[in-house]
Amino acid sequence: MTNSSPIIGIPADRRELSPHVYHMAGEKYLTAVTEAIGGVPIIIPVLSGHFDMNTVLELVDGILLTGSYSNIEPAHYDGPPSAPGTLHDSARDAVTLPLIRTAIERGIPLFGICRGFQEMNVALGGSLHQRVHEVPGRHDHREDATQPLDIQYGPAHAVSFTEGGLLHSLTGKLEGEVNSIHWQGVDRLAPGLNAEATAPDGLVEAFTVNNAPGFTLAVQWHPEWRATQNPLSMAMFKAFGDACRQRAKVGN
């Protein structure tokens, strides 16, 4: 590891592309790591029980938890059964939920995006709405899948930053404009999490972990999409990258 190129671990999705199973991560996340922070992304296979995850944590300078088409199995937060046809990824759940707790305890920089945001909330004791658009008082936060990706990932709504919080500190602003590409969202925020941003309907869209020994940030939106073209995305990735470089410098 070098001071200029931190190693960023990215837990994979386990996906079946018939007839074989693959452990994979979206290129947009890998590109964000390389272009926005100058890091080296390493995909972590979600093979729970096949190797010691502590070995992985000794090799990386930070963890990026990505979005995914799959949802966290609701048994992890005592939620009701998912709607028929919901895609789950039990292999990813089995790796990421304990990994999050260990990474926080060890002060390893942690950045969660979309599913990763939801994973961090669940791992620390929070719960989720499985279909936010069906919750009274909440807006429809889903993308229009019939539109081109540039439209799907374009600005969708404002978020309000918590005054004095991390996002306020990073941007010098109390509001930002974000995309919105999710069905699930925070129901109960886990104990010890600080809300950093909320949508106009009051839905928590970002949080940090109170008193964590290392950098933590989780956001419901997708800052990895063309991150270098978005000042808010760059502010977050830069802060994450700086924390990862500092960890690489001082050693694990």
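As shown above, the structure is provided for reference.
Reading guide: rules and limits
- Residues numbered from 1 in each chain as written.
- Predicted model: local features only at pLDDT ≥ 70, side-chain atom pairs only at ≥ 80, totals over all residues.
- Heavy atoms only, no water.
- Helix = DSSP H or I, 4+ residues; strand = E, 2+ residues; numbered from the N terminus.
- Rg over C-alpha atoms; globule rule 2.2 N^0.38 Å.
- Buried < 20%, exposed > 50% of the residue type's maximum accessible area, 1.4 Å probe, protein only.
- Contact = heavy atoms within 4.5 Å.
- Areas by Shrake-Rupley, 256 points an atom, 1.4 Å probe, with all protein chains shown as cover.
- Lys, Arg positive; Asp, Glu negative; His and termini not counted.
- Charge placed at Lys NZ, Arg CZ, Asp CG, Glu CD.
- 1 Å grid on protein atoms, 1.4 Å probe; cavity = no way out; pocket = protein on both sides within 12 Å on 5 of 7 lines; lining within 4 Å.
- Points joined across faces, edges and corners; volume = space filled by probe spheres on them.
- Nonpolar A, V, L, I, M, F, W, Y, C, P; charged D, E, K, R; others polar.
- Salt bridge = Lys/Arg side-chain N within 4 Å of Asp/Glu carboxyl O.
- Pairing = 2+ DSSP bridges.
- Axes fitted to C-alpha atoms, helices over the stretch in contact; angles between N-to-C directions.

Peer 1: How would you explain the overall build of the chain if you had to name every residue and give the values?
Peer 2: Looking only at helices and strands, the chain features 7 helices and 13 strands. For 252 residues, the compact-globule formula gives about 18 Å, and the C-alpha radius of gyration of the chain, at 17 Å, lands near that figure. Along the three orthogonal principal directions, the C-alpha set of the chain runs to about 50 × 50 × 35 Å. The burial tally for the chain puts 49% of its 252 residues in the buried class. Considering only intrachain contacts with a sequence separation of at least 6, the fraction spanning at least 24 residues in the chain is 68%. A total of about 11,400 Å² of accessible surface is found on the chain, and carbon and sulfur atoms cover 51% of it. Separation of charge centres in the chain, based on 17 positive and 27 negative side chains, amounts to 4 Å.

Peer 1: Break down the layout of surface pockets for me, citing the residues and quoting the values.
Peer 2: In this structure, the largest pocket encloses a volume near 820 Å³. Within the residue set of the lining of the largest pocket, elements represented by two or more residues are strand 2 (13–17), helix 1 (27–36), helix 4 (115–123) and helix 5 (149–152). Taken together, the residues of the lining of the largest pocket break down into 12 nonpolar, 15 polar and 6 charged. If you go around the second largest pocket, you meet 16 residues; those closest to its centre are Tyr-153, Pro-155, Asn-179, Trp-225 and Asn-230. Breaking the lining of the second largest pocket down by element, the ones donating at least two residues are strand 9 (175–178) and helix 7 (231–250). Here the residues of the lining of the second largest pocket sort into 7 nonpolar, 6 polar and 3 charged.

Peer 1: Can you lay out the pattern of salt bridges for me, pointing to particular residues and giving the numbers?
Peer 2: Under the defined criterion, the tally for this structure stands at 10 salt bridges. Between Glu-119 and Arg-115 there is a salt bridge, with the nearest N and O atoms lying 2.4 Å from each other. With a gap of 4 residues between them, Glu-119 and Arg-115 both fall in helix 4, about one helical turn apart. Across the pair, exposure class does not vary: Glu-119 and Arg-115 are buried alike. Its salt-bridge partner being Asp-242, residue Arg-245 comes within 3.3 Å of it at the nearest N-O pair. Here Arg-245 pairs with Asp-242, and both are found in helix 7, just 3 residues apart, close to one helical turn.

Peer 1: Can you break down the sheet that holds strand 12 (residues 204–209) residue by residue, with the values?
Peer 2: The strand order across the open sheet formed by 9 strands is 4-1-5-6-13-12-11-8-9, and the pairing between neighbours is mixed. In this open sheet, the two edge strands, each paired with only one partner strand, are strand 4 (40–44) and strand 9. If you compare each strand with its neighbour and ignore which way they point, the axes differ by 25° on average. Along the sheet, helix 3 (residues 90–106) contacts strand 1 (7–11), strand 5 (62–65), strand 6 (110–113), strand 12 and strand 13 (216–219); its crossing angle with strand 5, the most-contacted strand, is approximately 140°.

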